[in-house]
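Secondary and tertiary structure notes
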Amino acid sequence: MSSRQDKEKAVNVQVLLRCRPFSDDEHRSNAPQVVTCNDYQREVAVTQTIAGKQFDRVFTFDKVFGPTAKQRDLYDQAIIPIVNEVLEGFNCTIFAYGQTGTGKTYTMEGECRRAKSGPKGQLPADAGVIPRAVKQIFDTLERQNTEYSVKVTFLELYNEEITDLLGPEEIPKVALEDRQKKTLPLMEDGKGGVLVRGLEEEIVMNADEIFSLLERGSAKRRTAETLLNKQSSRSHSLFSITIHIKEATPEGEELIKCGKLNLVDLAGSENISRSGAREGRAREAGEINKSLLTLGRVITALVEHLGHVPYRDSKLTRLLRDSLGGRTKTCIIATVSPSVHCLEETLSTLDYAHRAKSIKNRPEVNQKMMKTTLIKDLYGEIDRLKAEVYSAREKVGVYIPKERYQQEENERKAMADQIEQMTASLEANQKLISDLQQKYNSELQHSADMSKKLEVTEKCLDHTSNLLSMTKEDLKQAQYNMKEKDFIISEQKKAENALAHQACVLRSDLEKFSRDNASLYSKIAKGEKLSATNRSVVNSFQTDLASKLDILSNTLNASVDQQNKHLKSVEDLCQSCVDSHDKATSELKKKILASKSLYMSHMEAFQNVVLLHKANANATLEDISSLSAASCCSLDQLLSCVEGEAQNIFIDIQNLLTTHRSEMTHFTQELRESFRISLDRAREMSNFIIGLFDKYVEETSKLHSHSNNTHEAQMKSLEDFQKAYEEQSKLEEQKLLADISSLVSKHVTRQRELVGVKLNSLGDAARGNKAFLDEHTSTMEFVTKDAKRKWEIFAEQAENDCKVGSSFSAAKHCRMETMLQECTCTVDSAVQQWKKSHAAVNDLSRQQVAEVEALVRTGIENNEQHEAEIASSLAVAEEHASISSKDITQDIDNLLDEARNSSSMVVSTVEAHFAELQQLQENHSGQAAGINTHADKAFQSSYKDYEPTGETPARSEPEVPSKGAIESLRAMPMESLMNEFRENHPYESSKEPRPSLIPRSPLATLN
């Protein structure tokens, strides 16, 4: 039992694998990678080339960390739980194992051991396992807020010699390699473990003190440069942290919990030919490989469960004895290189690590000590140290030669090995004895079983002999029993006759009870028939109720459909209104554009007339100027005597013509300015009308969106109402089936309330829609009146502008006629003066004057024609403006009428919808009243109760014979009859008959 419990407590050693990245030298040499890590599947694959073929060997470990893994990843995933177990009172060991140059020391210590550069005392990213474990321990202890003490030791194993890395230096001025370090002996502690005699234990108070001790010890550690590693560790190191934590029991007693963490950094195995080690370095490498080889043999012996485990072959294995197969929780960190140059060492490391997974430890929590016990042990240790110090100072101790001490140590080691071998053989013998004892016990059990079988067989033989003798006696007894048979049969016949008579009496009673049962059954049948009738009434009522509820649901559905149709019609009316507004707007825009183009054409016509008049006047003036020049040239000599007077006359004529030209130019400019003002006003009115129609479009879109929102809200309300009604109907139907007579009125009332609430909500929504439409219609009417007023003002302004232009043109025409008359008078006076002054040239002067008069008449005719054209253009423009104004006013009136018609149609549709909703409410109330009346009729008139008929038999007590009377009819027991017969007819036999041993049934004797 205890061995099975020990097996259940056993746990495997945890093995981690870490693969370092390529070094700079390996990158420069382009070394192929032969190791592939799969962190998720925790596998490591090694590629080998054998006989030109590649083979992959796959190893599985507890955790795998590839070249990209950080120090923090390894610590968080693997080391934190181990440190927590140390704080719980376990002994734990973490050691790094692998080839030299694969990162063991980096993993355990890291590049930067102290967090001097980190903010707030945080560790750097390259900090290793030891600094992180120290920081975690002190952080946890500070959080627990308990009393504790922490002690550390740091030793080095170099060439099978143990030295204290924390001890005082004896010769500080000597070089590091030449220092003579004091070796410490390794001794048994009497409890199956080992201790190092004279090892310094430093008490620390915080993590910084441990970092200082770690730096001091690492500086003393032996390192050297090889071809494989620039700073190769030449020794094994063991850094131990012992923690004592004070706890208080519920009874108030103080206990001390102890935990120990061993952090081991092993020197790496190396190939001397590849590392370049010579002389002393070669001897170091040999000792390192020897101790690691012993460690490998210990692992092999533990995995294969050999009888002898060679712990004592090396001090390294003796130090790690409790960690390999002992009571300590162990974690091995195997480090490898990914390069092909280290393939052989990598495979060796992987094999050792993979085999180490099978080692089973049986970790135990350290026993908690009482505070007084610990103090007593400490006092004893102090006394022992005082005695040693006194002995060393006074030289009163035992001193022996070194050779004898070594000899005694060798003998003691041999005796210890012999004791271990004898212990192993003793365990084997004890196991053999236990096996033989089990076989002996099984043979004893078999013998006891055979003895029991023999006793049973003898008993069976005796029983068979007795049966044979008794069978002979039974033969005689059988003849006597035949006589007894007749007597017994006669007695039983008497009892049978008495029983037959009693059976007849019971038969008559049974017939009476049968008739009573028949009448009871007929009563039950009547009750069942009445129940069936009532059940059919209930079923028919349920069917009618379901049909009426279906009719009511169909009515509601039809009402919902009708409401949807009404809403659709309202939507169509709104859409048609919007379409008509859009169409009217587009037509108004077209008409306005046509009016604009017409005004532009009239303006161009005015400009053309003015330009034509200007050209004709210029041509006339040019002709007059040419004729005057010709007359001056031809009559220069004739008119020399009257040159002064003629010059004055011509200057007056030229001044009049210049004045006439300026007046014409000014008239043209004023006419152009008046038409430009009219055009600007027309454009302003056009923009106002366009804005008006944009406002119409916006109001129409608002109306459309509101109609859509109202439609969606009403549809959603109707759907919610329908769903609520269906759910409520289902629930009420189930409740009605359970208790119809008491819930019909409640159901009808609840349905009426639900429909009333929904109808009120729909009526409110319809009234809201009507209010919104009225508001929108009033807005449209206001906008339309405003537009009509603006258009009338514009028409008046245009008419006034046209009148002003016409009067201005008439005034200018009168002015031009006056000026022409003045010019004609001046010419007549000049002609008379010429007649008086130049009688000789009358004919020529008449001819020239006639030509001038012809040109003037032509100019007058052109002016009259220009005036007529301007008047006609003004008339046409006024006519077109009035027509356009009337058309736009008519379109606006039509648009207003259509809006009013649409609003009235929407109002009529809403009123019709409201009337239908009232009709639906009345129909629903009528149907609910019909359901209530039908329920009253069904449960008050059709449902019948059972009425007594008086045919039920009266209750009567049957006359049951008593038990004594029945017992009196029973025949006498067989033994009594036999005794009576034997008294009257005694059995003559020389031997008293024995009772039979064979069990018989009670009727066996009778038969």
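Residues numbered from 1 in each chain as written. Predicted model: local features only at pLDDT ≥ 70, side-chain atom pairs only at ≥ 80, totals over all residues. Heavy atoms only, no water.

Regarding the overall build of the protein chain
Quick reminder of the rule: Labels follow the DSSP assignment, with helices taken as runs of H or I lasting at least four residues and strands as runs of E lasting at least two, numbered in each case from the N terminus. Residue exposure (1.4 Å probe, protein chains only): buried if accessible area is under 20% of the type maximum, exposed if over 50%, otherwise partly exposed. Any two residues whose heavy atoms approach within 4.5 Å are treated as being in contact. Accessibility throughout is a Shrake-Rupley quantity obtained with a 1.4 Å probe, and a residue counts as covered only by protein chains that appear here.
Broken down by element type, the protein chain carries 17 helices and 20 strands. When the 1007 residues of the protein chain are sorted by exposure, 33% land in the buried category. Taking the intrachain contacts of the protein chain between residues at least 6 apart in sequence as the baseline, contacts between residues at least 24 apart amount to 76%. As displayed, the protein chain offers around 61,000 Å² of accessible surface, 53% of which is attributable to carbon and sulfur atoms.

Some words on the pattern of salt bridges
Filter applied, for reference: A pair is scored as a salt bridge if a Lys or Arg side-chain nitrogen falls within 4 Å of a carboxyl oxygen belonging to Asp or Glu.
Tallied over the full model, the rule gives 17 salt bridges. Between R28 and D25 there is a salt bridge; the shortest N-O distance is 2.1 Å. A residue pair is termed a helical-turn pair when its members lie 3 or 4 positions apart in one helix, as R28 and D25 do in helix α2 (residues 24-28) at three residues. For R28, a relative accessible area of 60% gives the class exposed. Between R216 and E202 there is a salt bridge, with its nearest N and O atoms 3.9 Å apart. A residue pair is termed long-range when its members are at least 10 positions apart, and R216 in helix α6 (residues 207-220) and E202 in strand β13 (residues 202-204) qualify at 14 residues. R216 gets classed as partly exposed once you look at its relative accessible area, which sits at 37%. Several salt bridges share partner residues, and in doing so they unite E147, K246 and E254 into one network.

Considerations on the packing of helix α3 (residues 71-87) against helix α5 (residues 129-144)
Quick note on the threshold: Between N-to-C directions, angles span 0 to 180 degrees; the directions come from axes that are lines fitted to C-alpha atoms, helices contributing only their stretch in contact. These descriptions rest on fixed angle ranges, namely under 35 degrees for roughly parallel, over 145 for roughly antiparallel, 65 to 115 for roughly perpendicular, and the rest for oblique. Handedness of each helix crossing follows the sense of rotation of the near helix against the far helix: counterclockwise by less than a right angle gives left-handed, clockwise gives right-handed. Gly falls in the polar group here, along with every residue not listed as nonpolar (Ala, Val, Leu, Ile, Met, Phe, Trp, Tyr, Cys, Pro) or charged (Asp, Glu, Lys, Arg).
Across the interface, α3 lies against α5 with an axial gap of 10 Å and an inter-helix angle of 50°. Taken as axis vectors, α3 and α5 run oblique relative to one another. Handedness of the crossing formed by α3 with α5: right-handed. Two secondary-structure elements touch here, α3 through Q71, R72, L74, Y75, I79, I80, V83, N84 and L87 and α5 through V129, R132, A133, Q136, I137, T140 and L141. Split by residue class, the contact of α3 with α5 holds 10 nonpolar, four polar and two charged.

Here we look at a negative patch on the surface
Our working definition: For patches, a residue must show more than 30% relative accessible area and have no salt bridge; joins then use 9 Å for like charges and 5 Å for nonpolar side chains, namely Val, Leu, Ile, Met, Phe, Trp and Tyr. For the purpose of counting charges, residues Lys and Arg are taken to be positive, whereas Asp and Glu are taken to be negative. His and the chain ends are not included. Taken as the charge centre is NZ of Lys, CZ of Arg, CG of Asp or CD of Glu, depending on the residue.
A cluster of acidic residues, E817, E861, E864 and E867, forms a negative patch at the surface. It is helix α15 (residues 842-942) that contributes the most residues to the negative patch, three residues altogether. For E864, the location among the structural elements is in helix α15.

Comments concerning the nonpolar core
Heads up, the rule is: In these notes, a set of buried Ala, Val, Leu, Ile, Met, Phe, Trp, Tyr and Cys residues joined through side-chain atoms within 4.5 Å is what counts as a nonpolar core.
Counting residues in hydrophobic clusters, the biggest one holds 46 residues, and the most contacted among them are L17, F61, Y97, I162, L266, L295 and L350. Broken down by secondary-structure element, the contributors of at least two residues to this core are β2 (14-19), β4 (43-50), β7 (91-98), β8 (148-158), α8 (280-303), α9 (315-319), β18 (329-336) and α10 (343-356). Tallying contributions element by element places α8 first for this core, with seven residues. In contact with Y97, not counting residues within four places along its chain, are K104, L266, L292, L295, I332, I333, A334, T335, T349 and Y352. Among the nonpolar cores identified, the runner-up in size contains 44 residues, and F90, V204, L263 and I333 belong to it.

Digging into the sheet that holds strand β5 (residues 53-60)
The test is simple: One bridge is not enough; two strands pair if DSSP finds at least two bridges between them.
If you walk across this open sheet you meet the three strands as β3-β4-β5, and the pairing is antiparallel. Looking at strand neighbours, the two that pair on one side only are β3 (35-38) and β5, the edges of this open sheet. Pairwise comparison of adjacent strand axes, ignoring direction, gives a mean angle of 25° for this sheet. As paired strands, β3 and β4 are joined by four bridges and run antiparallel to one another. What sits directly across from C37, in β4, is V44.

Examining the packing of aromatic side chains
Applied cut-off: The aromatic pairing rule takes the rings of Phe, Tyr and Trp, using the six-membered ring of Trp, and pairs them if the centres are within 6.5 Å, calling planes under 30 degrees apart stacked, those over 60 edge-to-face and the rest tilted.
Tallied over the full model, the rule gives three aromatic pairs. Look at Y97 and Y352: their rings are 5.9 Å apart centre to centre, the planes differ by 80°, and that puts the pair in the edge-to-face class. Of the two residues, Y97 is situated in strand β7 and Y352 in helix α10; the sequence distance between them amounts to 255 residues. Neither residue differs from the other here; Y97 and Y352 are each classed as buried. Residues F154 and F239 carry aromatic rings whose centres are separated by 5.2 Å and whose planes lie at 90° to one another, so their mutual orientation is edge-to-face. Of this pair, F154 sits in strand β8 while F239 sits in strand β16 (residues 236-248), and the two are 85 residues apart along the sequence. Judged on exposure class, the residue F154 and its partner F239 are both buried.

Topic: α10
For clarity, the cut-off: Expected helix span is given by 1.5 Å per residue-to-residue step, counting one fewer step than there are residues.
The end-to-end C-alpha distance of α10 is 20 Å, a good match for the 20 Å that 14 residues give at a rise of 1.5 Å each. Three or more residues of α10 are buried, namely L343, E345, T346, L347, T349, L350, Y352, A353 and A356.

Some details on α3
For the record, the criterion: What is called the bend at a residue is the angle between a pair of axes, fitted to the seven residues leading up to and ending at it and to the seven starting from it.
At I79, α3 shows its largest bend, some 50°, and a proline, P81, comes one to four positions later. Looking at α3, one finds that the buried residues are Q71, L74, Y75, A78, I79, I82, V83, V86 and L87. Immediately beyond the C-terminal end of α3, within one or two residues, lies G89, with a positive phi of roughly 110°.

A closer look at the confidence of the model for the protein chain
Our working definition: What pLDDT reports is the predictor's confidence in each residue, on a scale of 0 through 100.
The pLDDT averaged across the protein chain works out to 76; a share of 75% of its residues lies at or above 70. Predicted confidence is poor over residues 113-117, with pLDDT under 50, and the contacts of this stretch with residues over four places away or in other chains come to 13 contacts. Across residues 171-180, where pLDDT falls below 50, the model places nine contacts with residues more than four positions away in sequence or in other chains.

Description of unusual backbone geometry
With the exception of glycine, the majority of residues adopt a negative phi angle, and the majority of peptide bonds are in the trans configuration. You will see that N30, though not glycine, has its phi angle at about 55°, which is positive. Mapped onto the elements, N30 comes out in the loop between α2 and β3. Phi at E160 is positive, roughly 65°, even though this residue is not glycine. Looking at E160, the relative accessible area reads 21%, which means it is partly exposed.

Overview of a nonpolar patch on the surface
A surface patch of nonpolar side chains, amounting to about 290 Å² of accessible area, comprises I375, Y379 and I382. Mapped onto the elements of the fold, I375 is located in helix α11 (residues 371-394).

A closer look at the side chain of R20
Rules: Within 3.5 Å is the distance limit for a polar contact, defined as a pair of N or O atoms, with the added protein rule that one can donate a hydrogen and the other accept it, and that residues adjacent in sequence qualify only through two side-chain atoms.
Here R20 shows up in the loop between β2 and α2. Among the polar contacts listed, one links the side chain of R20 to the side chain of S337, at a separation of 2.9 Å. Contacts of R20, omitting those with residues within four sequence positions, involve E26, P67, G101, T102, V336, S337 and P338.

Points about the state of the cysteines
Quick note on the threshold: What counts as a disulfide here is a pair of cysteine sulfur atoms lying within 2.5 Å.
Counted by the stated rule, this structure contains zero disulfides. The thiol of C92 is unpaired, and the distance to the nearest cysteine sulfur, on C331, comes to 9.6 Å.

Some details on the packing of α5 against α6
The packing of two helices is summarised by the inter-axis angle and the distance between the axes. The N-to-C vectors of α5 and α6 enclose an angle of 155°; their axes lie 9 Å apart at closest approach. Between α5 and α6, the angle falls in the class roughly antiparallel. Along this stretch, α5 crosses α6, giving a crossing that reads as right-handed. Of the residues in α6, those touching α5 at I130, P131, V134 and F138 are A207, I210, F211 and L214. Classifying every residue of the contact of α5 with α6 by side-chain character gives eight nonpolar, no polar and no charged.

So, the pairing of β2
Put simply, side chains in a regular strand alternate between the two faces of the sheet. β2 sits mainly inside the fold: five of its six residues count as buried. In terms of strand pairing, β2 meets strand β6 (residues 63-65) through three bridges, oriented parallel. What sits directly across from L16, in β6, is K63.

A look at the pairing of β18
Counting buried positions over the eight residues of β18 gives seven, a clear majority of the element. Where β7 meets β18, seven bridges bridge the pair, whose relative direction is parallel. Looking across to β18, one finds that F95 is bridged to I332.

Quick notes on the environment of Q33
With respect to the helices and strands, Q33 occurs in the loop between α2 and β3. Expressed as a C-alpha distance, the spacing of Q33 and S339, which sit 306 residues apart in the sequence, is 5.1 Å. Among residues more than four places away in sequence, those in contact with Q33 are F22 and P338. Separated by 2.8 Å, the side chain of Q33 and the backbone oxygen of V35 make a polar contact.

Observations concerning the environment of T700
Relative to the assigned elements, T700 resides in helix α13 (residues 643-738). Note: C-alpha distance between T700 and Q575 (125 residues apart in sequence) is 9.1 Å.

So, the environment of E878
On the secondary structure map, E878 appears in helix α15. Judged by relative accessible area, which is 36%, E878 ranks as partly exposed. The spacing of E878 and E799 is 79 residues in sequence and 7.1 Å in space, taken between C-alpha atoms.

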